[in-house]
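Per-entry structural report
Here are the chains, one letter per residue:
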Amino acid sequence: MSDSDRDARFRQMREIARDIFRRALAEASISKAFARHVNCDRGVLRVREDLYDLHSYSRVLVMALGKAGHTMVEALAEQVGPSLEGIVASSVQPASQVRGFRYFRGGHPTPNAESIQAANAMLRALEAQSASTLVIFLLSGGGSSILEKPIDGEISLDDLVATYRALVLSGAAIAEINAVRKHLSAVKGGRLAQAAFPAQQVSLLVSDVPDNTPDALASGPTMPDSTTVEDCARIVEKYDLLKEFPSSTRELFERHALEETPKSDDPAFQHARWWTVLSNQTAIEAASAAAERAGFAVHVDNSCDDWDYRRAADYLLERLRELRQQATPVCLISGGEVTVKVTNGGVGGRNQQFALACAKEIAGENMTVLSAGTDGVDGNSPAAGAVVDGGTYARAQARGLDPQMALEQFNANPFFQVLGDSIETGPTGNNLRDLRILLAW
């Protein structure tokens, strides 16, 4: 095969990988998920297996938080009609507002002043409710920073931001990060449910956390917390975080002053239900179907969830080479997230860092790797992720780029911008973790 033919083949495979990702995003949309799992007929709301007669409540209040807050409220309003009221806290401005709702634009990945304003507004609204109220919580990823109020008044917003930054850059898995966040917060780890007691509660989840840890979503504001103060101490020690924390946060750990979060025996959960309506699994299934239609033998392997990006790259590429021996062309799909411990970083994110690490390993091979976030945002960059192949290294060097330097400096986004291989969707209004799509032929 000539060099020009090979370059054309690489271009074709990059576009196929992009198309698989686009189709997965479209199929795993919130509107489609609500159409499947939520509907309202004659005032009776069905949420998966539960029925709620909305006429039997003195008030129905909706609390939406997370990156998908706007789209979840819109999808619910489409099913229920214009009678809803409540509060929405998201990280982006809505294209339009649903009548009856107050809107806050919280910060992500670190809280801002509106994050705290939104938390105060929700707490005030919930604490005024009685047993005859139905509270519908709409939870999605990013809610940990979008809605926040420190458990201790001594922790200022600046201290809160510094604490979050230390956690996010530590290399800790998201469940570990959220365990600490829960115990530092007045709204996380079930405390929002405590505020709503004795109202009837139902939570609809658009999940960006592993399916077996639903209380990690948005740091579990409405459900019993499976993590403990002891877990927090272990995590802080594991990642040597005390020296990175501001004094107000550090002192809570040093004085052993953290309060335990509510557990499953708390009265707040006696009349509470939780339903996942959309998760990473939906995106994986949609990507698998798209890859099969494109003619690939498809395999799914999520075992590297929450691994370091380099270890995950080595593992998945080895799996891809093994699978190629059995069938070709082959597509390996992997959901979940990888971790990156950033030191003196540039512009990028975990997906672009993973893709760039793969580019070196597959140089010269007939392979393509795409890694992107379903929320459309990767780290501190404008991209959702990136796509690489066996020709990326050569193309980069021909353009005078240094892939190894970009990798070492955690500065992958400018590298992919020059090559035209970044994936830019803009914020999707959804958040179902990441997808990695690996092709071999």
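A brief structural summary. Being a predicted model, the structure only gives us computed values, none of them experimental. Each chain carries its own residue numbering, running from 1 in the direction its sequence is written. Predicted model: local features are reported for residues with pLDDT of at least 70 only, side-chain atom pairs are reported and counted for 80 or more only, and whole-chain, interface and lining totals are derived from all residues. In computing side-chain properties, one takes all heavy atoms of the structure into account and sets aside hydrogens as well as water.

Glancing now at the overall build of the protein chain. Starting at the N terminus, helices and strands are each numbered in turn, a helix being any DSSP run of H or I of at least four residues and a strand any DSSP run of E of at least two. Along the protein chain, the regular secondary structure elements total 16 helices and 15 strands. Every radius of gyration here is taken over C-alpha atoms, with the globule rule written as 2.2 Å times N^0.38, N being the number of residues. For the protein chain, whose C-alpha radius of gyration is 22 Å, the value lies close to the compact-globule estimate of 22 Å for 441 residues. Taking the principal axes of its C-alpha atoms as reference, the protein chain extends roughly 75 × 55 × 35 Å. Throughout this description, buried means an accessible area under 20% of the type-specific maximum (1.4 Å probe, protein chains only), exposed means over 50%, and partly exposed covers the range between. Within the protein chain, the proportion of its 441 residues that are buried is 57%. Counted over contacts in the protein chain with a minimum sequence separation of 6, partners at least 24 positions apart contribute 78%. Throughout, a contact is declared for two residues whenever any of their heavy atoms are within 4.5 Å.

Let us look at the side chain of N431. Mapped onto the elements, N431 comes out in the loop between β14 (422-423) and β15 (434-440). Classification of N431 as buried rests on a relative accessible area of 5%. In protein, a polar contact requires one atom able to donate a hydrogen and another able to accept it; more generally it is a pair of N or O atoms within 3.5 Å, and residues adjacent in sequence count only if both atoms are side-chain atoms. A polar side-chain atom of N431 sits 3.3 Å from the main-chain carbonyl oxygen of G141. Non-local contacts of N431, meaning those with residues more than four positions away in its chain, are made with K67, G141, G142, V206, S207, D208, T374 and D375.

Here the axes come from fitting lines to C-alpha atoms, over the contacting stretch only for helices, and the angles between their N-to-C directions go from 0 to 180 degrees. Relative orientation of the contacting elements helix α12 (residues 309-326) and helix α13 (residues 350-361) amounts to 50°, with a least axis distance of 9 Å. Put simply, α12 runs oblique to α13. Here α12 and α13 pass one another in a crossing that is right-handed. Contact residues: Y309, A312, A313, D314, L316, L317 and R321 in α12; Q353, F354, A357, C358 and E361 in α13. Should an angle lie under 35 degrees it is considered roughly parallel, over 145 roughly antiparallel, and from 65 to 115 roughly perpendicular; all remaining angles are considered oblique. When the near helix sits turned anticlockwise from the far one by under a right angle, the crossing is termed left-handed; a clockwise turn instead gives a right-handed crossing.

Before going further, it helps to examine the pairing of strand β5 (residues 86-90). Along β5, five of the five residues are buried, which leaves the element largely enclosed by surrounding structure. Across the two faces of β5 the burial is the same, with G86, V88 and S90 and I87 and A89 all buried. Pairing between two strands requires that DSSP report at least two bridges joining them. When strand β4 (residues 59-65) meets β5, the two strands line up parallel, connected through four bridges. Following the sheet pairing, V62 is matched in β5 by G86. Read from β4 through helix α3 (residues 69-80) to β5, the crossover connection turns out right-handed. With five bridges connecting them, β5 and strand β6 (residues 101-105) associate as parallel partners. Its bridge partner lying in β6, G86 is registered against F101. We call a crossover right-handed when, viewed with both strands directed away from the observer, the connection leading from the first strand over the helix to the second proceeds clockwise.

With that settled, the discussion passes to the side chain of S279. Its location among the elements puts S279 in the loop between β9 (272-278) and α11 (280-293). For S279, a relative accessible area of 9% translates into the label buried. S279 has contacts with S207, D211 and L432, leaving out every residue within four places of it along the chain.

Before going further, it helps to spend a moment on the sheet that holds strand β3 (residues 50-53). Strand order in the open sheet formed by three strands is β1-β2-β3, with antiparallel pairing between adjacent strands. Either end of the sheet is taken by a strand with one partner, and the two such strands are β1 (38-41) and β3. On average, each strand axis in the sheet is tilted by 20° relative to the strand beside it, whichever way the strands run. Sheet topology places β1 next to strand β2 (residues 44-47); four bridges connect them, and they run antiparallel. Looking across to β2, one finds that N39 is bridged to R46. Of the strands in this sheet, β1 and β2 are in contact with helix α2 (residues 30-37), which crosses β1 at around 55°. Across the face of the sheet, α3 comes into contact with β1 and β2 while running at roughly 30° to β1.

Right, let's talk about the sheet that holds β4 for a bit. An order of β6-β5-β4-β7-β8-β9 is seen for the six strands of this open sheet, with the pairing classed as parallel. Each of the sheet's edge strands pairs with one partner strand only, and the pair in question is β6 and β9. This sheet shows a mean twist of 15° between the axes of neighbouring strands, independent of strand direction. Bridging between strand β8 (residues 200-206) and β9 involves six bridges; their strand directions are parallel. Its bridge partner being in β9, V202 is matched across the sheet by R273. Here helix α4 (residues 113-127) sits on the sheet in contact with β4, β5, β6 and β7 (133-140), set at roughly 160° to β4.

So, about unusual backbone geometry. Residues apart from glycine generally show negative phi values, whereas peptide bonds are mostly found in trans. At the junction of H108 and P109, the peptide bond is cis and its omega measures out at 10° in the coordinates. Tracing the backbone shows P109 in the loop between β6 and α4. Between F197 and P198 the backbone carries a cis peptide bond, its omega angle lying at 15°. Although it is not a glycine, S219 sits at a positive phi angle of roughly 65°.

Another aspect to go through is the packing of aromatic side chains. Stacked, tilted and edge-to-face pairs are distinguished by plane angle, under 30 degrees for stacked and over 60 for edge-to-face with tilted covering the rest, among Phe, Tyr and Trp rings (Trp via its six-membered ring) whose centres lie within 6.5 Å. The final tally for this structure, using the stated rule, is five aromatic pairs. Look at F10 and W441: their rings are 5.9 Å apart centre to centre, the planes differ by 75°, and that puts the pair in the edge-to-face class. A residue pair is termed long-range when its members are at least 10 positions apart, and F10 in helix α1 (residues 3-27) and W441 in the segment after β15 qualify at 431 residues. Its relative accessible area of 4% is what places F10 among the buried residues. Using a relative accessible area of 16% as the deciding quantity, one classes W441 as buried. Charges are assigned to positions over rings by a cutoff of 6 Å between ring centre and Lys NZ or Arg CZ, combined with an angular limit of 35 degrees from the ring normal. Over the ring of W307 we find R311, and its NZ or CZ is 3.6 Å from the ring centre.

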